[in-house]
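Results of the structural survey
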Amino acid sequence: MKLGIVGLPNVGKSTLFNAITNAGVPADNYAFCTIDPNVGVVSVPDERLQWLSDFYSPKKTTPAVIEFVDIAGLVKGASKGEGLGNKFLSNIRTTDAIVHVVRCFGDSNVTHVEGSTDPLRDIDIINLELVMADIEMVERRIDKCQKAMKGGDKKFAAEAKLLQGLLEHLNEGKLARTYTDDPEEFAVIAQSDLLTLKKTIYVANLSEDEINEPESNRHFNAVKALADAEGSQCLPICAKLEADIAELDDPDEKAMFMEELGVTESGLDRLIKASYALLGLMSFLTAGSDECRAWTIKRGTKAPQAAGKIHTDFERGFIRAEVIAFEDLKTIGTMAAAKAQGKVRSEGKEYVMKDGDIVNFLFNV
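Calculation criteria
Residues numbered from 1 in each chain as written. Predicted model: local features only at pLDDT ≥ 70, side-chain atom pairs only at ≥ 80, totals over all residues. Heavy atoms only, no water. Helix = DSSP H or I, 4+ residues; strand = E, 2+ residues; numbered from the N terminus. Contact = heavy atoms within 4.5 Å. Areas by Shrake-Rupley, 256 points an atom, 1.4 Å probe, with all protein chains shown as cover. Pairing = 2+ DSSP bridges. Axes fitted to C-alpha atoms, helices over the stretch in contact; angles between N-to-C directions. Parallel < 35°, antiparallel > 145°, perpendicular 65-115°, else oblique. Left-handed = near helix turned anticlockwise from the far one by under 90°. Nonpolar A, V, L, I, M, F, W, Y, C, P; charged D, E, K, R; others polar. Salt bridge = Lys/Arg side-chain N within 4 Å of Asp/Glu carboxyl O. Buried < 20%, exposed > 50% of the residue type's maximum accessible area, 1.4 Å probe, protein only. Phe/Tyr/Trp six-rings, centres within 6.5 Å; stacked < 30°, edge-to-face > 60°. Lys NZ or Arg CZ within 6 Å of the ring centre and 35° of its normal. Arc of directions from axis to C-beta. Polar contact = N/O pair within 3.5 Å; in protein donor to acceptor, adjacent residues only side chain to side chain.

1. A closer look at the overall build of the protein chain
Along the protein chain, the regular secondary structure elements total 14 helices and 12 strands. Restricting the contact set of the protein chain to residue pairs at least 6 apart, pairs at least 24 apart contribute 68%. Of the roughly 18000 Å² of accessible surface on the protein chain, 49% is carried by carbon and sulfur atoms.

Here it is, written out as structure tokens:
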């Protein structure tokens with residue numbers, strides 16, 4: 001999974017990126033500090049994988065990972081090449097979802113590129129640039145459809161009509177992801193890889209004083225209402241606090257510091273959970289003396305396709321899957337006892353994987 005962290009300059013993007021990846025990216029107080037996209041890969045925390053690792057003592061333990069891309073700050077006119085606009089737009093196009101950081105606190109010591117704290121205005125600035133880039137792409141696709149229709153290919157007429165409606169929607173400043181709930185129409189539109197089609201988590205960057213009571217911040221409430229209206233997510237985070245937590249290497253010291261602050265979960269953990277929920281993802285597990293590993297798949301994935309995540313041969317030659325729920329193994333204590341109690345199941349090609357399944361795939365090629 002690849003998440004692009006975006007936002008106006010000086011809203012806390014790079015500070016948050018540093019905190020969650022410990023990458024040490026410059027986070028100075030001026031625009032365009034992040035010129036090239038900085039990439040950080042982080043492990044997905046999973047207590048189940050840790051338990052399996054302790055249980056099997058494998059040669060190797062491999063968690064699922066998320067790739068975070070810190071993308072250069074955007075300004076008005078980016079879709080027309082202002083600032084680092086074209087670079088920004090090409091970088092965001094390769095991500096699976098957007099983490100949109102907005103500043104919800106006032107601080108005279110940290111300049112704001114627009115001169116004041118107004119997260120809804122900031123969101124509009126970025127969204128407008130993304131919409132304008134999408135308009136250009138949809139216009140080109142409509143033009144291709146119309147040329148194909150002139151050549152006598154009637155199947156493009158319905159597509160052109162759908163795209164024309166989408167173009168009118170975009171011209172009203174609305175996002176592509178709010179245009180239709182119809183799965184077939186969505187599939188057609190998704191072929192264009194539009195920027196405003198990407199699912200989004202709005203990260204409301206709050207002050208240390210407000211992070212434990214985000215509802216007391218009117219800016220957070222405004223962003224939350226916007227996210228709810230468009231089916232996105234809103235996550236309150238204090239980037240500065242996350243940076244302070246990330247600097248502590250000792251786990252006990254970190255836990256004590258978080259307890260003193262009344263913080264039960266790091267911003268990274270909450271962001272990962274929100275990302276999985278937003279994209280409809282989950283993990284299954286493979287375990288043994290050689291390796292214990294977590295694999296990320298879409299909810300609703302069937303066993304052969306899950307096997308294909310490990311190796312294409314596993315999917316091509318799929319025979320069956322031996323499956324046990326993690327909680328069953330943990331409760332019973334040994335695989336032999338779990339088998340004796342009938343908790344290890346044999347599942348075929350139509351089995352839909354469940355979060356936390358421990359699987360051994362049998363295949364033949």
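2. Describing the sheet that holds strand β2 (residues 38-43)
Spatially, six strands are ordered β2-β4-β1-β5-β6-β7 in an open sheet, and the strand pairing comes out mixed. For this open sheet the edge positions go to β2 and β7 (233-237), each flanked by a neighbour on one side alone. With strand direction ignored, the average angle separating the axes of adjacent strands in the sheet is 25°. Sheet analysis places strand β5 (residues 97-103) next to strand β6 (residues 199-205), joined by seven bridges and oriented parallel. Within β6, the position partnered with A97 by the bridge is K199. Packing of helix α1 (residues 13-21) onto the sheet brings it into contact with β1 (2-6), β2, β4 (65-70), β5, β6 and β7, and relative to β4 it is tilted by some 155°.

3. Digging into the packing of α1 against helix α8 (residues 239-246)
Working note: a packed helix pair is described by the angle between its axes plus the distance between those axes. It is the contact of α1 with α8, at a shortest axis distance of 8 Å, that shows an interaxial angle of 30°. One element, α1, and the other, α8, form an angle in the roughly parallel class. As for how α1 packs across α8, the hand of that crossing is left-handed. From α1, T15, L16 and A19 reach across to α8, where they touch A239, K240, E242, A243 and A246. For the contact of α1 with α8, the residue count by class is five nonpolar, one polar and two charged.

4. Section: the pattern of salt bridges
For the coordinates displayed, the defined rule picks out 20 salt bridges. Where K302 meets E350, a salt bridge forms, and the shortest distance between an N and an O atom there is 2.5 Å. Here the residue K302 occupies a position in the loop between β9 (291-298) and α11 (303-310), and E350 occupies one in the loop between β11 (345-347) and β12 (357-363), the gap between them amounting to 48 residues. By relative accessible area, K302 is classed as partly exposed at 30%. For E350, a relative accessible area of 59% translates into the label exposed. Here the residues in one salt-bridge network are D46, R48 and D355, joined through shared partners.

5. Regarding the packing of aromatic side chains
Applying the stated criterion to the full structure yields seven aromatic pairs. Relative to F326, the ring of W51 has its centre 5.5 Å away and its plane inclined at 90°; by these criteria the two rings are edge-to-face. Of the two residues, W51 sits in helix α2 (residues 47-56) while F326 sits in helix α13 (residues 326-332), which places them 275 residues apart along the sequence. Given a relative accessible area of 5%, F326 falls into the buried group. Through successive ring pairs, a cluster of aromatic residues spans W51, F55, Y56 and F326. The residue whose ring lies beneath R103 is F105, and the NZ or CZ to ring-centre distance is 5.0 Å. Across the ring face of W295, the terminal group of R293 is positioned such that the distance to the ring centre comes to 4.0 Å.

6. Quick look at α2
The α-helix winds at 3.6 residues per turn, so residues separated by three or four positions along the chain end up facing the same way. Those residues of α2 lying buried are R48, L49, L52 and S53. All buried residues of α2 project into a common sector of 140° when viewed along the axis, lining one side. Among the exposed residues of α2, those oriented more than 90 degrees off its buried face are E47 and D54. Between a side-chain oxygen at the N-terminus of α2 and the backbone nitrogen of R48 the separation is 3.0 Å; the capping residue is D46. One or two steps after α2, the chain reaches S57, where phi turns positive at roughly 50°.

7. Some words on the environment of M132
Within the secondary structure, M132 sits in helix α4 (residues 119-150). Its relative accessible area of 30% is what places M132 among the partly exposed residues.

8. Quick word on the pairing of strand β10 (residues 318-325)
Sheet analysis places β10 next to β12, joined by seven bridges and oriented antiparallel. Looking at the pairing, I324 lines up with I358 of β12. Bridge count for β10 against β11 is three bridges, and the pairing is antiparallel. Bridge pairing in β11 links V323 to R345.

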